[in-house]
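# Architecture and fold: a report
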Amino acid sequence: NVLRLPATQTVINIVVFTAVLSVLNSCVYSASRMWFSLARQRDAPRSWRNLSSGRVPRTAVIATATLGFAVTLVGYVAPGDVFLALVDSAGAVGIMMWIAIALSYLRIRPKPDARLTYAVAVAPRRLSVAAWIVILAMFGMLIGMIFTPDTQLDLLMTMLPVMVIFIVVLWRETNASADPDW
């Protein structure tokens with residue numbers, strides 16, 4: 001309006017809308033390919049690895065679009081609260097990832113071997129202690145989030161999916177009668 005050019009606002013809105021659609025298309029593409037890849041590794045439902053005649057993982061695309069639509073609907077119901085909780089829960093997700101990384105290291109860490117002909121830069125025992133320190137520190141942060149009112153919802157939104165994933169993985173790993181191709 002300052003330059004008094006006609007339809008400037010409309011042109012800018014079209015450019016922004018086109019950019020948003022491009023990002024959405026990219027997200028649907030990458031998420032559906034991720035679901036497809038997980039299904040091929042038997043970490044997602046088998047139907048998600050089926051390809052259409054155009055080599056598109058149609059079921060994975062539909063699942064991605066459905067989830068995106070559901071999140072959008074929830075965003076309309078409580079626009080400010082949901083967006084802030086999703087953004088803030090990224091911190092709790094980061095804490096969970098560091099715990100998972102440290103636990104993974106403890107599970108697959110190198111064992112001391114006298115037959116090694118080269119010197120190890122850091123002794124595996126020291127790294128194990130460091131992994132335990134990381135785990136304890138991260139759990140300390142999670143406990144702090146429990147007692148901080150501003151982060152309780154974020155922690156809950158992170159813990160619920162983590163618990164569901166944990167239960168599913170635990171069930172699949174321990175149930176001998178479970179179908180590995182679910």
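Report follows, based on the coordinates. (Residues numbered from 1 in each chain as written. Predicted model: local features only at pLDDT ≥ 70, side-chain atom pairs only at ≥ 80, totals over all residues. Heavy atoms only, no water.)

What follows is about the overall build of the chain. A count of helical and extended segments in the chain gives five helices and zero strands. For the chain, the N- to C-terminal ordering of α and β elements is α-α-α-α-α. Residue burial in the chain is summarised as follows: out of 182 residues, 18% are buried. If you take every contact in the chain between residues at least 6 apart in sequence, the share linking residues at least 24 apart comes to 58%. For the chain, the accessible area works out to roughly 14,100 Å², and carbon and sulfur atoms hold 70% of it. (Helix = DSSP H or I, 4+ residues; strand = E, 2+ residues; numbered from the N terminus. Buried < 20%, exposed > 50% of the residue type's maximum accessible area, 1.4 Å probe, protein only. Contact = heavy atoms within 4.5 Å. Areas by Shrake-Rupley, 256 points an atom, 1.4 Å probe, with all protein chains shown as cover.)

Moving on, we come to the packing of aromatic side chains. Aromatic rings considered in pairs are described by the distance between their centres and by the relative angle of their planes. Counted according to the given criterion, the structure contains one aromatic pair. Ring plane angle 80° and centroid distance 4.8 Å describe the contact between Trp35 and Trp48, whose orientation is recorded as edge-to-face. With Trp35 in helix H1 (residues 8–40) and Trp48 in the loop between H1 and helix H2 (58–77), this pair connects stretches of sequence that are 13 residues apart. With a relative accessible area of 26%, Trp35 lands in the partly exposed category. (Phe/Tyr/Trp six-rings, centres within 6.5 Å; stacked < 30°, edge-to-face > 60°.)

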